[in-house]
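Structure assessment
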Amino acid sequence: MAEDLIIQKGTKQEQYLSLIPQIKALLEGEPDLVANLANIAGALKEQFNWFWVGFYLVKGEQLVLGPFQGPVACTRINKGRGVCGTSWAKAETLIVPDVEKFPGHIACSSLSKSEIVVPLIKNGIVWGVLDVDSEILNHFDETDKIFLEQIVAGIKS
Ligand code: SME
């Protein structure tokens, strides 16, 4: 496996279409979850240069910080709290164009302005979330939802 990522310029869709097969190749044959989550966070950060991208994993009644790229972040989030905890409780992707308008948003950084959270689901049970934060308002849309859901569907817990 080559460890060098080919960075694609162009539309958001073109960037995802170039990145997804590379992420698949990175995960192929590697059973270790932490290694795979770390490489996905690294690949997404390298391609999109988002402010923060990473995983929280369900441990008991909380989400606990997992592999990520970006500034240090809150370590534990309760079910139903913030964007991540709400995505967990609803088992659905949440796109938040303006975090200040999301009731209960947890501000790990005041620089974060918009966010998308995608749940990791196995057999109908949420076992973690992928969280992406941007310093730009309204940064995420349906294209991100479709492709990020496709990326997390390829993660074996
Ligand atoms: N803003 C998130 C918390 C996690 S950090 O952004 C990394 C939330 O409201 O759940």
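What comes next concerns the included structure. What you see is a predicted model, and the numbers here were worked out from it, not measured in a lab.

Calculation criteria
- Residues numbered from 1 in each chain as written.
- Predicted model: local features only at pLDDT ≥ 70, side-chain atom pairs only at ≥ 80, totals over all residues.
- Heavy atoms only, no water.
- Near = heavy atom within 4 Å.
- Polar contact = N/O pair within 3.5 Å; in protein donor to acceptor, adjacent residues only side chain to side chain.
- Areas by Shrake-Rupley, 256 points an atom, 1.4 Å probe, with all protein chains shown as cover.
- 1 Å grid on protein atoms, 1.4 Å probe; cavity = no way out; pocket = protein on both sides within 12 Å on 5 of 7 lines; lining within 4 Å.
- Sits in = over half its atoms within 2 Å of the grid points.
- Helix = DSSP H or I, 4+ residues; strand = E, 2+ residues; numbered from the N terminus.
- Nonpolar A, V, L, I, M, F, W, Y, C, P; charged D, E, K, R; others polar.
- Core = buried A, V, L, I, M, F, W, Y, C linked by side-chain atoms within 4.5 Å.
- Buried < 20%, exposed > 50% of the residue type's maximum accessible area, 1.4 Å probe, protein only.
- Contact = heavy atoms within 4.5 Å.
- Phe/Tyr/Trp six-rings, centres within 6.5 Å; stacked < 30°, edge-to-face > 60°.
- Points joined across faces, edges and corners; volume = space filled by probe spheres on them.

A separate point is the site of the ligand. Around the ligand, the surrounding shell holds 13 residues, and the nearest of these are Val83, Cys84, Ile106, Glu115 and Asp133. At 2.7 Å, a backbone N or O of Ile106 approaches a nitrogen atom of the ligand. A distance of 3.4 Å is found between an oxygen atom of the ligand and a side-chain nitrogen or oxygen belonging to Asp131. The fraction of the free accessible surface of the ligand (300 Å²) that becomes covered by protein chains is 99%. Taking a 2 Å distance to the grid points as the criterion, the majority of the atoms of the ligand fall inside the largest cavity. Put simply, the parts of the chain that give the shell around the ligand at least two residues each are β1 (52-59), α3 (82-90) and β6 (125-134). In terms of residues, the shell around the ligand owes the most to one element, α3, which gives three residues. Residues that form the shell around the ligand fall into these classes: eight nonpolar, two polar and three charged.

This brings us to the nonpolar core. Counting 29 residues, the largest nonpolar core has Leu44, Trp50, Leu130 and Leu148 as its most contacted members. At the level of secondary structure, the elements contributing two or more residues to this core comprise α1 (12-27), α2 (33-48), β1, β5 (114-122), β6 and α4 (142-153). In this view, Leu130 contacts Leu44, Val53, Gly54, Phe55, Ile116, Val117, Val118, Leu120, Leu148 and Val152; residues no more than four positions away in its chain are not counted. Formed by 16 residues, the second largest nonpolar core is a distinct cluster that contains Tyr56, Val83, Cys84 and Val99.

One pair of aromatic rings is described through two measures. These are the centre distance and the angle between the planes. In this structure the tally under the stated criterion is six aromatic pairs. Considering the side-chain rings of Tyr16 and Phe147, the 5.0 Å spacing of their centres and the 15° angle between planes classify their relative orientation as stacked. Of the two residues, Tyr16 sits in helix α1 while Phe147 sits in helix α4, which places them 131 residues apart along the sequence. Of the two residues, Tyr16 and Phe147, neither departs from the other in class, the shared state being buried.

For the rest of this paragraph, the subject is the layout of surface pockets. Taken as a whole, the largest pocket spans an internal volume of roughly 290 Å³. Taken together, 15 residues form the lining of the largest pocket, with Lys24, Leu27, Gly154, Ile155 and Lys156 sitting closest to its centre. When residues of the lining of the largest pocket are traced back to their parent elements, those giving at least two are α1 and α4. Here the lining of the largest pocket is composed, by residue class, of seven nonpolar, four polar and four charged.

Okay, empty space enclosed by the protein next. Under the counting rule described, the total for this entry stands at one cavity of 30 Å³ or more. Taken as a whole, the largest cavity holds about 140 Å³ of empty space. Together, 17 residues line the largest cavity, and Ile106, Cys108, Glu115, Asp131 and Asp133 are the ones closest to its centre. Elements supplying a minimum of two residues to the lining of the largest cavity: β1, α3 and β6. Counted by class, the lining of the largest cavity contains 11 nonpolar, three polar and three charged residues.

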